[in-house]
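The residues making up each chain are set out below.
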Amino acid sequence: MRLTDFKVLSFDCYGTLIDWETGISESLKPLVARSGLTFTRDQVLEAHARHEAAQQAETPDKLYSELLVLVHDRIAREWGLRPIPAESLAHGRSIGDWPAFADSAAALQYLKQHYQLVILSNVDRESFKASNAKLQVAFDRVFTAQDIGSYKPDLRNFEYLIRELGQAGIPKAGILHTAESLFHDHLPANRVGLASAWIHRRAGQQGTGATHPPEHMPDYAFRFTSMAEMARAHQEALRSV
């Protein structure tokens, strides 16, 4: 299997293209300060991941920006604090402030020359607009949890992707799902038979950070530690054709 075998790259956005760990940890700083407790960055991110996954399972039809308000409330209560509505609302609105990884825009602009680019994200459409501006590329299709009515790792999200692209004449074998999250993306991609590329942004770090841990290690066709590395690998694959 080679990178040049595919027609479409479907992308997770947050954690893969957008540095949500920086965004989340910055947004939670007021809550951490108010707690008076001492946490490592990863402990804060792991708390967020745990409550986010639980809330997504409980309220799959809630917009992501609204869901993050509830996640903030849950974390506050876990830390023995009274949720402050304005603070929780600010967390829900923080998505547009989360930065892109430094290599995302240039890599996407290069890959756009060779593939159709598709988003499959747990975000809502309004929140994604601000993130898309940071990525500086026009995606061919954007599929969000808001469109589908469920959150990854629900298989419905991947079935929706496969069905929509299939109706556009793109078979499942022509799609390479590209993502950081083993839990949200690679395990369900395995289950629906999608090839995947792991963008291992946390390479060299312990734990899974803002991503809920997977029940087991999934399979993947390719592994890169950055989008820049993926773009270079595609250039090398072209030279060998």
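Here we summarise the structure given alongside this text. (Residues numbered from 1 in each chain as written. Predicted model: local features only at pLDDT ≥ 70, side-chain atom pairs only at ≥ 80, totals over all residues. Heavy atoms only, no water.)

## Here we look at the packing of aromatic side chains
And step 1. Per the counting criterion, the structure on display carries 8 aromatic pairs.
And step 2. Ring geometry for F143 and Y160: centres 5.4 Å apart, planes at 80°, overall edge-to-face. On the criterion of sequence distance, the pair formed by F143 in strand β3 (residues 141-144) and Y160 in helix α9 (residues 155-167) is long-range, its members being 17 residues apart. The two residues F143 and Y160 agree in class, both being buried.
And step 3. Clustering of aromatic rings is evident, with ring pairs tying together F6, F222 and F224.
And step 4. Above the plane of the ring of F101 lies R201, whose end atom (NZ or CZ) is 3.8 Å from the centre.
And step 5. Its end group placed over the ring of W198, R223 keeps NZ or CZ at 5.8 Å from the ring centre. (Phe/Tyr/Trp six-rings, centres within 6.5 Å; stacked < 30°, edge-to-face > 60°. Helix = DSSP H or I, 4+ residues; strand = E, 2+ residues; numbered from the N terminus. Buried < 20%, exposed > 50% of the residue type's maximum accessible area, 1.4 Å probe, protein only. Lys NZ or Arg CZ within 6 Å of the ring centre and 35° of its normal.)

## With respect to the nonpolar core
And step 1. Membership of the largest hydrophobic core comes to 52 residues, with the highest contact counts inside it found for F11, F139 and M230.
And step 2. Here this core takes 6 residues from helix α4 (residues 64-78), the largest share from any one element.
And step 3. With sequence-adjacent residues up to four places away left out, M230 is seen in contact with L3, L9, L111, L176, T178, A197, I199 and F224.
And step 4. Within the second largest apolar cluster, 15 residues are counted, among which are V118, F158, Y160 and I175. (Core = buried A, V, L, I, M, F, W, Y, C linked by side-chain atoms within 4.5 Å. Contact = heavy atoms within 4.5 Å.)

## Side note on the pattern of salt bridges
And step 1. Using the criterion set out here, one finds 17 salt bridges in the structure.
And step 2. Between R2 and D5 there is a salt bridge, and its shortest N-O distance comes to 3.9 Å.
And step 3. A salt bridge links K129 to E126; the shortest N-O distance between them is 3.3 Å. With a gap of 3 residues between them, K129 and E126 both fall in helix α7 (residues 125-135), about one helical turn apart. Comparing K129 with E126, the two get one shared label, exposed.
And step 4. Beyond isolated ion pairs, a larger network of salt bridges with shared partners links E21, R41, D42 and R202. (Salt bridge = Lys/Arg side-chain N within 4 Å of Asp/Glu carboxyl O.)

## Re empty space enclosed by the protein
And step 1. Inspection of the entire model under this criterion finds 1 cavity of 30 Å³ or more.
And step 2. Around the largest cavity, the lining is made up of 13 residues, and of these D12, Y14, W20, N122 and H184 lie nearest the centre.
And step 3. Every element with two or more residues in the lining of the largest cavity is listed here: α3 (41-58) and α10 (182-192).
And step 4. In terms of residue class, the lining of the largest cavity is built from 4 nonpolar, 5 polar and 4 charged. (1 Å grid on protein atoms, 1.4 Å probe; cavity = no way out; pocket = protein on both sides within 12 Å on 5 of 7 lines; lining within 4 Å. Points joined across faces, edges and corners; volume = space filled by probe spheres on them. Nonpolar A, V, L, I, M, F, W, Y, C, P; charged D, E, K, R; others polar.)

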